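# Remarks on the overall topology
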Amino acid sequence: MQVQLNNEVAHVAFGEALGQALQGHGRVYLEGDLGAGKTTLTRGILRAYGYQGAVKSPTYTLVEPYELGTQRIYHLDLYRLADPEELEFIGGRDVLADEALCLIEWPSRGEGWLPAPDVRVVLEVADPGRLVTLTAETGLGERVISEMVSKRGSEQLESGVIQWL
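Here's a quick rundown of the structure. Everything quoted here is computed from the prediction, not taken from an experiment.

This part takes up the environment of Pro115. Mapped onto the elements, Pro115 comes out in the loop between β5 (101–105) and β6 (119–125). Pro115 sits in the partly exposed class, given a relative accessible area of 29%. Distance in space between the C-alpha atoms of Pro115 and Arg27 is 8.5 Å, their sequence separation being 88 residues. Setting aside residues up to four positions removed in sequence, Pro115 forms contacts with Arg27, Tyr29 and Leu96.

This is the structure:
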């Protein structure tokens with residue numbers, strides 16, 4: 001599934017719809033260059049669960065936990081990870097085994113240690129805005145993408161890309 005996000009409002013709205021489709025569970029890999037919008041998308045996902053505060057990438061702490069009612073969400077940023085084994089020292093195994101929603105930026109830094117994602121999200125800078133590619137890698141991921149395709153607030157472009165409004 002490819003989606004065009006023309007501005008930050010559409011970016012956050014798309015994240016919120018993705019958060020709703022995930023229903024508080026799963027592993028989501030967030031990939032893209034610096035400034036591609038991984039943390040902005042995370043802000044939208046967190047809004048789906050009622051979080052209204054500022055969201056910053058946990059670049060130095062590696063993991064930012066959110067307890068939102070009965071929902072647990074972990075936002076991981078592995079950019080500064082020197083070795084995937086470091087995830088063991090920060091409690092990564094417990095975080096990833098939890099029935100929570102895990103949003104993982106820079107998952108390539110944890111390659112060989114991280115379990116496979118349910119949904120892989122690749123963000124690219126595209127004029128205007130961002131181009132997002134969602135790929136399902138599990139049955140949960142397939143359900144999430146199917147739900148996203150059926151969401152209102154979007155229109156199919158001739159190229160097959162969905163423009164999120």
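Next, the rest of the story.
As a further point, take the layout of surface pockets. The computed volume of the largest pocket comes to approximately 240 Å³. Mapped by element, the contributors of at least two residues to the lining of the largest pocket are α1 (8–22) and α2 (38–47). The element that contributes the greatest number of residues to the lining of the largest pocket is α2, accounting for 3 residues. By residue class, the composition of the lining of the largest pocket is 5 nonpolar, 10 polar and 5 charged.

Geometrically, the link from Asp127 to Pro128 is a cis peptide bond, its omega value of 0° lying close to zero. Among the structural elements, Pro128 can be located in the loop between β6 and β7 (130–136). Phi is positive for Trp106, which is not a glycine, with a value near 55°. Structurally, Trp106 can be placed in the loop between β5 and β6.

To continue, consider the pairing of β7. Bridge count for strand β1 (residues 2–5) against β7 is 4 bridges, and the pairing is antiparallel. When the sheet's bridge partners are listed, Gln2 is paired in β7 with Thr133. Pairing analysis gives 7 bridges linking β6 to β7, with the strands arranged antiparallel. Looking across to β7, one finds that Val119 is bridged to Ala136. Linkage of β6 to β7, two consecutive antiparallel strands, is achieved through a turn of 4 residues, within which Gly129 is found at a positive phi near 80°.

Turning our attention to the packing of aromatic side chains. Going through the model one piece at a time under the given rule, you end up with 3 aromatic pairs. An angle of 75° between the planes, with centres 5.0 Å apart, marks the rings of Tyr51 and Tyr66 as edge-to-face. Of this pair, Tyr51 sits in the loop between α2 and β3 (63–68) while Tyr66 sits in strand β3, placing them 15 residues apart in sequence. Using a relative accessible area of 21% as the deciding quantity, one classes Tyr51 as partly exposed. What makes Tyr66 buried here is its relative accessible area of 7%. A centroid spacing of 4.8 Å and a plane angle of 55° characterise the contact between Tyr79 and Trp106, whose relative ring orientation is tilted. With Tyr79 in the loop between β4 (71–77) and α3 (86–89) and Trp106 in the loop between β5 and β6, this pair connects stretches of sequence that are 27 residues apart. Take Tyr79: its relative accessible area is 27%, and that puts it in the partly exposed class.

What follows deals with α1. The end-to-end C-alpha distance of α1 is 21 Å, a good match for the 21 Å that 15 residues give at a rise of 1.5 Å each. For α1, every residue scored as buried is listed here: Ala10, His11, Val12, Phe14, Gly15, Ala17, Leu18, Gly19, Ala21 and Leu22. Where α1 begins, the capping side chain belongs to Asn7, and its oxygen is found 3.2 Å from the backbone nitrogen of Val9. Within two residues after α1, Gln23 carries a phi angle of roughly 55°, on the positive side.

Calculation rules
- Counting restarts for each chain, with residues numbered from 1 along the sequence as it is written.
- Local features in this predicted model are restricted to residues of pLDDT 70 or higher, and side-chain atom pairs are both shown and tallied only at a pLDDT of 80 or more, whereas totals for entire chains, interfaces and linings draw on every residue.
- Where side-chain values are given, they derive from all heavy atoms of the structure, hydrogens and water being excluded.
- Strands are runs of DSSP state E lasting at least two residues, helices are runs of H or I lasting at least four, and both sets are numbered from the N terminus onward.
- Any residue under 20% of the maximum accessible area for its type is buried, any over 50% is exposed, and the rest in between are partly exposed; the area is computed with a 1.4 Å probe on protein chains only.
- In this analysis, two residues are considered to be in contact whenever any of their non-hydrogen atoms come within 4.5 Å of each other.
- Method remark: on a 1 Å grid restricted to protein atoms, a set of points is classed as a cavity if a 1.4 Å probe fits but cannot get out and as a pocket if it is open with protein on both sides within 12 Å along at least five of seven lines; lining residues have an atom within 4 Å of a point.
- Grid points are joined across faces, edges and corners, and a volume is the space filled by probe spheres set on the points.
- Classes in brief: Ala, Val, Leu, Ile, Met, Phe, Trp, Tyr, Cys and Pro nonpolar; Asp, Glu, Lys and Arg charged; the others, Gly included, polar.
- Any two strands with at least two DSSP-identified bridges between them are counted as paired.
- In this analysis, rings of Phe, Tyr and Trp, with Trp reduced to its six-membered ring, are considered paired at centre separations within 6.5 Å, and the interplanar angle assigns stacked below 30 degrees, edge-to-face beyond 60, and tilted for intermediate values.
- Multiply 1.5 Å by the residue count of a helix minus one, and that product is the helix's expected span.
- In protein, a polar contact means a hydrogen-donor-capable atom and an acceptor-capable atom, both N or O and within 3.5 Å, with residues adjacent in sequence counting only if both atoms are side-chain atoms; elsewhere, any N or O pair within 3.5 Å suffices.

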